[in-house]
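# Structural features, examined
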Amino acid sequence: MTIAVCSGSFDPVTYGHLDIISRSSKIFDKVIVAVLVNSKKKSLFSVEERVELLRQATAGMDNVEIDSFEGLLIDYMKKRGARVIIRGLRAVSDFEYEMQVASINKKLDEEVETFFMMTNNQYSYLSSSIVKEVASYKASVSDLVPPVVEKALKEKLGG
């Protein structure tokens, strides 16, 4: 069984994230979507809220599990028996950073492979930061995030 991990902050989860998760779930036996706990980063949603939003957004994906972790991704992967890291790429600019991260992960554990997926063109501009920015001005984000996330954004940002 090939277990893959798709990690990130998911603050909040977008349709771009869900595109990568959904497509990955058709390739790998199991996909663990792991929310990174980063106390240095100011997040809109708590880790628990992000995990719950992801659970609801991926409810129809039977081989997708939602979890969270602290520390190095490689250590988490060893703990979970995972061998593949899934990374979504929006643009060429993402690749340089992602290549550095993949290289250090390979150095830390040469058994782990990084699987890069190009995002669907319709989501190439989409990021959690943009979603939060648009939502903060009370504009509709219904075509950027699932309804459960849009509702949570309105509640969090007062809309």
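Residues numbered from 1 in each chain as written. Predicted model: local features only at pLDDT ≥ 70, side-chain atom pairs only at ≥ 80, totals over all residues. Heavy atoms only, no water.

### Quick notes on the overall build of the protein chain
Put simply, the rule reads: Only DSSP runs of H or I with at least four residues qualify as helices, and only runs of E with at least two residues qualify as strands; both kinds are numbered from the N terminus onward. The reference for a compact globule is 2.2 Å times residues^0.38; the radius of gyration itself is calculated from the C-alpha atoms. For the exposure calls, accessible area comes from a 1.4 Å probe over protein chains only, and a residue counts as buried if that area is under 20% of its type's maximum, exposed if over 50%, partly exposed in between. We get accessible surface area from the Shrake-Rupley algorithm with a probe of 1.4 Å; when it comes to residues, only the shown protein chains can shield them. For the charge count, each Lys or Arg is scored as positive and each Asp or Glu as negative, with His and the chain ends excluded. Charge positions come from single atoms, namely NZ of Lys, CZ of Arg, CG of Asp or CD of Glu.
On a plain count of helices and strands, the protein chain comes out with six helices and five strands. Scanning the protein chain from its N terminus toward the C terminus, one meets helices and strands in the order β-α-β-α-β-α-β-α-β-α-α. Taken over the C-alpha trace, the protein chain has a radius of gyration of 15 Å; the compact-globule value for 159 residues is 15 Å, and the two agree within 12%. The principal-axis extent of the C-alpha atoms belonging to the protein chain is close to 45 × 35 × 30 Å. Across the 159 residues that make up the protein chain, the buried fraction comes to 42%. Put simply, the protein chain shows about 8900 Å² of open surface, and 51% of that area lies on carbon and sulfur atoms. Distance from the positive charge centre (21 side chains) to the negative charge centre (22 side chains) of the protein chain: 2 Å.

### Examining the environment of Q56
Within the secondary structure, Q56 is located in helix α2 (residues 47–57). Residue classification places Q56 among the partly exposed residues on the basis of a relative accessible area of 41%. Taking the C-alpha atoms as reference, Q56 lies 17 Å from K154; in sequence the two are 98 residues apart.

### Considering the sheet that holds strand β5 (residues 113–118)
What counts here: At least two DSSP bridges between two strands are needed for those strands to be called paired. Axis angles are defined between N-to-C directions and span 0 to 180 degrees, where every axis is a line fitted to C-alpha atoms and, for a helix, only to the segment in contact. By definition in these notes, contact holds between two residues if any of their heavy atoms fall within 4.5 Å.
Spatially, β3-β2-β1-β4-β5 is the arrangement adopted by the five strands of the open sheet, whose pairing is parallel. Two strands in the sheet have a free side with no partner beyond their single neighbour: β3 (64–69) and β5. The average angle at which neighbouring strand axes cross in this sheet is 30°, direction not considered. Strand contacts of helix α4 (residues 92–108): β4 (84–89) and β5, with the helix running at about 165° to β5, the strand carrying the most contacts.

### A closer look at the packing of aromatic side chains
The cut-off we apply is this: Stacked, edge-to-face and tilted labels apply to pairs of Phe, Tyr and Trp rings (six-membered ring for Trp) whose centres lie within 6.5 Å, assigned for plane angles under 30 degrees, over 60, and everything in between, in that order.
In this structure the tally under the stated criterion is three aromatic pairs. Ring geometry for F28 against F115: centres 5.1 Å apart, planes inclined by 85°, an arrangement best described as edge-to-face. Of this pair, F28 sits in the loop between α1 (15–25) and β2 (30–36) while F115 sits in strand β5, and the two are 87 residues apart along the sequence. Its relative accessible area of 10% is what places F28 among the buried residues.

### Some points on the UniProt feature "site: Transition state stabilizer" (unreviewed entry) in the protein chain
Put simply, the rule reads: UniProt positions are given in the numbering used here, feature names are shortened, and annotations may be inferred rather than shown by experiment.
This chain's UniProt record puts "site: Transition state stabilizer" (unreviewed entry) on H17. Following the sequence through the fold, H17 ends up in helix α1. The class for H17 is partly exposed, based on a relative accessible area of 23%. Residue contacts for H17: discarding those within four places in its chain leaves F10, P12 and S128.

### Section: α4
What counts here: Here, expected helix span is obtained from the residue count minus one, scaled by 1.5 Å.
Over its 17 residues, α4 runs 25 Å from end to end, which matches the ideal 24 Å to within 8%, given 1.5 Å per residue. Looking at α4, one finds that the buried residues are D94, E98, A102 and N105.

### Some remarks on the side chain of D94
Stated formally: Any N or O atom pair separated by 3.5 Å or less is treated as a polar contact, with the protein-specific requirement of one donor-capable and one acceptor-capable atom, and with residues adjacent in sequence counted only for side-chain atom pairs.
Tracing the chain through its elements places D94 in helix α4. Here R90 takes part through its backbone nitrogen, which lies 2.7 Å from a polar atom of the side chain of D94.

### Considering the nonpolar core
Inclusion rule: In these notes, a set of buried Ala, Val, Leu, Ile, Met, Phe, Trp, Tyr and Cys residues joined through side-chain atoms within 4.5 Å is what counts as a nonpolar core.
Counting residues in hydrophobic clusters, the biggest one holds 32 residues, and the most contacted among them are I21, V33, L54, I86 and L153. Elements supplying a minimum of two residues to this core: β1 (3–8), α1, β2, α2, β3, β4, α5 (128–136) and α6 (147–157). No other element matches the four residues that α2 contributes to this core. For I86, the residues in contact, after removing those within four places along its chain, are A4, V5, C6, S7, I20, S24, F28, V31, F115 and M117. One finds F69, L73, Y76 and V112 within the second-largest nonpolar core, a separate group that totals twelve residues.

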